[in-house]
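Remarks on the overall topology
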Amino acid sequence: MSSSAFHFAGLTPDLILTAIESVGIYPETGLIALNSYENRVYQFRCDRGNRYVVKFYRPERWSKAQILEEHQFAAELLAEEFPIAAPVVIDGATLHEYQGYLFTLFPSMGGRQFEVDNLEQLFEVGQFIGRMHQYAKGSRFSQRRSLTPTTFGAESLTVLQQSSLIPAQWREQVLSSATELVQAIEQQWHKLTPSVMRLHGDLHIGNILWTPDGPGFVDLDDACNGPAVQDLWMMLSGEREQQQAQLAELVEGYQEFCDFHPAELRLIEPLRGLRMLHYNAWLCRRWDDPAFPQHFPWFAEPQYWQQQYQSFTEQLQQLSQPPLSLIPY
């Protein structure tokens, strides 16, 4: 068992409560576990009536400097009046430690689920992202990683090549298709000169809440440097015509605050391919955490890897198709 899995195995409810109380916050309700496999995240209400979310960071994933840079980014956005869940400052600190565990408290942000098929909401989300990028592009992260074909592609491929989880009958096909996919992504990426800025990094619909004041964003855990379109493409879904309409609304809203470079649309399918590779490598890396075999039992099954071989092959073909366009068909 890895040290991170071992540490999480020892993160008992009593220890969690004691850690929270060590910074002067006293839970009045029980801890409600929120959906997170990478970290351990719980919601509660304190004795003063405030609702909080506490996050215990996975040991050895990020350094203290990387976590604090994420916190600083959130604090900057909050100071600019962005509706974002930023870490609570307690005695001048946002990152706390108790018996070797690093943890942070956030205000609980209320809201309903973002409707990705609602074009008016997409327009407002585009405005929000454009405004955020206009501010964020003023500097880059110095401690956090950058999203590139190397960090999310080649390094993920190495993890897959070293993993024993891919069944023998599909190993050659999976690794061959993954290798071709990485190579094709690298070729397309290096034909462009994408913008590089500070990003949310993992802006899927689950990280957007719809509040009375519009969209609110949570979870900067994967904040990174990268191209602007990374914070847009994960909201596109459905058939090509649907994605075209969604993209038009997002970018129209975005461009009210920040210029968007249409050439970056050629990165959407490469970024999708990188996410596929990174997801599989992530599961391989975490497999010795008992929570992962429990919640992803299909990951080591032949049928799953047959599907991945097909998905990698289809994504490779998708890279050769014309990109989405800002010009309606």
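The notes below deal with the structure included here. Please read all numbers here as calculations on a predicted model, not as lab measurements.

The rules behind these values
Residues numbered from 1 in each chain as written. Predicted model: local features only at pLDDT ≥ 70, side-chain atom pairs only at ≥ 80, totals over all residues. Heavy atoms only, no water. Helix = DSSP H or I, 4+ residues; strand = E, 2+ residues; numbered from the N terminus. Rg over C-alpha atoms; globule rule 2.2 N^0.38 Å. Buried < 20%, exposed > 50% of the residue type's maximum accessible area, 1.4 Å probe, protein only. Contact = heavy atoms within 4.5 Å. Pairing = 2+ DSSP bridges. Axes fitted to C-alpha atoms, helices over the stretch in contact; angles between N-to-C directions. Salt bridge = Lys/Arg side-chain N within 4 Å of Asp/Glu carboxyl O. Expected span 1.5 Å × (residues − 1). Polar contact = N/O pair within 3.5 Å; in protein donor to acceptor, adjacent residues only side chain to side chain. Phe/Tyr/Trp six-rings, centres within 6.5 Å; stacked < 30°, edge-to-face > 60°. Lys NZ or Arg CZ within 6 Å of the ring centre and 35° of its normal. Core = buried A, V, L, I, M, F, W, Y, C linked by side-chain atoms within 4.5 Å.

A few points about the overall build of the chain
Looking only at helices and strands, the chain features ten helices and ten strands. Its C-alpha atoms give the chain a radius of gyration of 21 Å, near enough to 20 Å, the size a compact globule of 329 residues would have. Taking the principal axes of the C-alpha coordinates as reference, the chain spans close to 55 × 50 × 35 Å. When burial is assessed residue by residue, the chain has 52% of its 329 residues classed as buried. Contacts in the chain between residues far apart in sequence, at least 24 positions, make up 71% of those at least 6 positions apart.

Some remarks on the sheet that holds strand 3 (residues 51-56)
Pairing is antiparallel across the open sheet formed by five strands, whose spatial order is 1-2-3-5-4. The sheet is open, and its two borders are formed by strand 1 (32-33) and strand 4 (96-98), each paired with just one other strand. Pairing of strand 3 with strand 5 (residues 101-107), which is carried by five bridges, proceeds in the antiparallel orientation. Paired with Tyr-52 across the two strands is Pro-107, which belongs to strand 5. In the packing of helix 2 (residues 13-21) onto the sheet, contacts are made with strand 2 (40-45), strand 3, strand 4 and strand 5, and the angle to strand 5 comes to roughly 65 degrees.

Let's talk about the pattern of salt bridges
Charged atoms that come close allow side chains of opposite charge to pair. Under the definition given, this model contains 16 salt bridges. We note a salt bridge from Asp-289 to Arg-58, for which the minimum N-O separation is 2.8 Å. Taken as a pair, Asp-289 in the loop between helix 8 (268-285) and helix 9 (291-295) and Arg-58 in the loop between strand 3 and helix 3 (64-79) lie far apart in primary sequence, 231 residues in all. The buried category is assigned to Arg-58, whose relative accessible area is 3%. Residue Asp-202 pairs with Arg-275 through a salt bridge whose shortest N-O separation is 3.0 Å.

Re helix 4 (residues 119-136)
Helix length check: helix 4 (18 residues) gives 25 Å between terminal C-alpha atoms against 26 Å at 1.5 Å per residue, within 8%. For helix 4, every residue scored as buried is listed here: Gln-121, Leu-122, Phe-123, Val-125, Gly-126, Gln-127, Phe-128, Ile-129, Gly-130, Met-132, His-133 and Ala-136. Where helix 4 is buried, its residues meet helix 3, strand 6 (112-113), strand 7 (197-199), strand 8 (208-211), strand 9 (214-217) and helix 7 (240-254). Put simply, Asn-118 is the residue that caps the front of helix 4, since its side-chain oxygen is 3.0 Å from the backbone nitrogen of Glu-120.

Description of the pairing of strand 8
Neither face of strand 8 is left uncovered, since the one carrying Ile-208 and Trp-210 and the one carrying Leu-209 and Thr-211 both have all their residues buried. Relative to strand 8, strand 6 is paired through two bridges, and the arrangement is antiparallel. Note on strand 8: the bridge partner recorded for Gln-113 is Leu-209. One ladder, built from four bridges, connects strand 8 with strand 9; its direction is antiparallel. When the bridges of strand 9 are listed, Thr-211 appears paired with Gly-214.

With respect to the packing of aromatic side chains
Applying the stated criterion across every chain, the model contains 20 aromatic pairs. Look at Tyr-37 and Phe-296: their rings are 4.9 Å apart centre to centre, the planes differ by 65 degrees, and that puts the pair in the edge-to-face class. Here Phe-296 lies in the loop between helix 9 and helix 10 (302-318) and Tyr-37 lies in the loop between strand 1 and strand 2, a separation of 259 residues in the sequence. On the basis of relative accessible area, Tyr-37 is assigned to the partly exposed category, the value being 26%. One residue, Arg-131, lies across the ring of Phe-82, its end atom 4.1 Å from the ring centre. A cation over a ring is seen here: Arg-144 above Trp-62, with NZ or CZ 4.4 Å from the ring centre.

What about the nonpolar core?
Counting 75 residues, the largest nonpolar core has Val-125, Phe-217, Met-235 and Phe-299 as the members making the most contacts within it. The residues touching Met-235, leaving out its near neighbours within four places in the chain, are Phe-114, Val-116, Leu-122, Val-125, Ile-129, Leu-203, Ile-205, Ile-208, Gln-246 and Leu-250. Counting residues in each nonpolar core, the second largest holds 18 residues, with Ala-19, Val-23, Tyr-52 and Ile-90 among its members.

Structural notes on the environment of Leu-316
Along the chain, the position of Leu-316 falls in helix 10. Among the residues examined, Leu-316 registers a relative accessible area of 23% and is labelled partly exposed. Put simply, Leu-316 and Ala-74 are 242 residues apart on the chain and 36 Å apart in space, counted from C-alpha to C-alpha. The contacts of Leu-316, once residues within four sequence positions are left out, are Glu-180, Leu-181 and Ala-184.

Read these as spatial facts, not as claims about activity.
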